[in-house]
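This is what each chain is made of:
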Amino acid sequence: MTEVTGAPADVLHTLFHSDQGGHEQVVLCQDRASGLKAVIAIHSTALGPALGGTRFYPYASEAEAVADALNLSRGMSYKNALAGLDHGGGKAVIIGDPDKIKSEELLLAYGRFVASLGGRYVTACDVGTYVADMDIVARECRWTTGRSPENGGAGDSSVLTAFGVFQGMRASAQHLWGDPSLRGRKVGVAGVGKVGHHLVEHLVEDGAQVVITDVRAESVQRILDRHPGGEVTAVADTEALIRVEGLDVYAPCALGGALNDDSVPVLTAKVVCGAANNQLEHPGVEKDLADRGILYAPDYVVNAGGVIQVADELHGFDFDRCKAKASKIYDTTLAIFARAKRDGIPPAAAADRLAEQRMAEARRS
């Protein structure tokens with residue numbers, strides 16, 4: 001494979017020639033002293049400065065990291081557009097196992113790279129990064145959100161992310177069954193970490209029967225201990241979860257690609273609505289879901305509560321104001337289902353059209 005400016009040729013082809021590309025800027029960052037290797041991808045600033053989190057993950061290769069940054073940043077453009085935010089889409093990934101290489105020196109170096117973009121990209125937490133990490137990054141970069149309240153931030157954005165997913169789930173129930181309540185419904189949650197465990201609490205409070213799984217046994221046990229009455233049960237893994245008999249809703253809340261050629265044919269749920277980004281492994285999966293009569297609530301629509309929270313942090317955080325904005329995810333999701341039905345297309349395509357329309361209108365204004 002030919003190498004060009006340090007990036008594999010297939011990545012450059014994606015960036016410049018494919019429908020998945022079209023990014024304004026991609027920055028490769030390296031600080032050898034701290035071991036930092038990072039990619040910052042800015043997909044669009046049509047609506048304002050790009051906003052998106054920093055993922056810290058042990059990618060198998062640099063090419064995989066670049067591809068993930070491209071996909072995630074593009075998704076953030078669409079997410080921010082449909083959330084009604086005046087922000088474009090961006091995302092950063094730090095390559096490596098955060099349990100092994102994360103350090104103050106590395107995070108400070110990363111902050112300097114973000115600061116060098118002069119506000120074109122605003123960062124926040126994502127998989128592998130936390131509020132305490134953003135407090136460190138903010139020491140070198142004022143374009144940092146997701147900080148602790150003690151340092152002028154909003155704190156953990158997973159609270160409103162879960163709340164928004166729950167609103168999307170309520171909208172899905174309303175559309176499919178004519179009632180927004182999840183009472184008596186069986187909901188499977190794959191991944192009960194930062195976001196998933198908050199979602200479980202909303203579901204239990206609403207009267208749902210919840211089935212959970214997670215790669216971390218301690219995360220599962222924490223929830224089972226909190227709910228000893230049987231309203232929450234667990235299965236061994238995601239493969240078992242998607243096959244649970246009588247499952248009404250499946251909520252992927254871990255990493256992306258959960259909906260693919262292997263999982264969709266065996267999925268028992270009638271609704272998919274979860275917090276994970278990039279749930280559709282490849283184009284065409286949304287049609288496979290529709291062909292099976294499975295209602296898909298587009299991930300970047302329903303999981304926008306977190307980005308709504310961190311965007312508000314830039315203007316002086318107010319939790320009640322953010323929660324009111326996140327509650328509108330219910331209405332947005334219903335509007336997407338209505339658009340999909342009207343146009344005879346899957347909800348994912350309808351969401352894309354609405355987001356692209358807002359970005360195009362911003363470019364013309």
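Residues numbered from 1 in each chain as written. Predicted model: local features only at pLDDT ≥ 70, side-chain atom pairs only at ≥ 80, totals over all residues. Heavy atoms only, no water.

K.L.:
Just checking my understanding: could you explain the packing of aromatic side chains for this structure?
P.N.:
What describes a pair of aromatic rings is the distance from one ring centre to the other and the angle between the planes of the rings. Tallied over the full model, the rule gives 3 aromatic pairs. Aromatic pair Tyr 57 and Tyr 59: ring centres 5.1 Å apart, planes at 70°, arrangement edge-to-face. Take Tyr 57: its relative accessible area is 28%, and that puts it in the partly exposed class. Taking 5.7 Å as the distance between ring centres and 70° as the angle between the ring planes, the aromatic pair formed by Tyr 78 and Tyr 300 counts as edge-to-face. Here the residue Tyr 78 occupies a position in helix α2 (residues 62-82), and Tyr 300 occupies one in helix α11 (residues 299-302), the gap between them amounting to 222 residues. Per residue, the accessibility class of Tyr 78 equals that of Tyr 300, and both read buried. We note Lys 194 situated over the ring of Tyr 130; from NZ or CZ to the ring centre the distance is 4.5 Å. (Phe/Tyr/Trp six-rings, centres within 6.5 Å; stacked < 30°, edge-to-face > 60°. Buried < 20%, exposed > 50% of the residue type's maximum accessible area, 1.4 Å probe, protein only. Helix = DSSP H or I, 4+ residues; strand = E, 2+ residues; numbered from the N terminus. Lys NZ or Arg CZ within 6 Å of the ring centre and 35° of its normal.)

K.L.:
Which parts of the structure should I look at to understand the side chain of Arg 55?
P.N.:
Inspection of the secondary structure assignment puts Arg 55 in strand β6 (residues 54-57). When residues no more than four places from it in sequence are discounted, the contact partners of Arg 55 are Asp 68, Leu 72, Ala 92, Val 93, Ile 94, Asp 126, Val 127, Leu 255 and Asn 277. (Contact = heavy atoms within 4.5 Å.)

K.L.:
Hey, could you run me through the packing of helix α7 (residues 196-206) against helix α8 (residues 217-226) in this one?
P.N.:
Helix-helix packing is characterised by the crossing angle of the two axes and by the distance between the axes. Viewed as axis vectors pointing N to C, α7 and α8 meet at an angle of 25°, and their least axial separation amounts to 11 Å. Taken together, α7 and α8 sit at an angle that is classed as roughly parallel. In this structure, α7 crosses over α8, and the sense of that crossing is right-handed. Residue-level contacts link His 197, Val 200 and Glu 201 of α7 to Arg 222, Ile 223 and Arg 226 of α8. Its residues placed into classes, the contact of α7 with α8 shows 2 nonpolar, 1 polar and 3 charged. (Axes fitted to C-alpha atoms, helices over the stretch in contact; angles between N-to-C directions. Parallel < 35°, antiparallel > 145°, perpendicular 65-115°, else oblique. Left-handed = near helix turned anticlockwise from the far one by under 90°. Nonpolar A, V, L, I, M, F, W, Y, C, P; charged D, E, K, R; others polar.)

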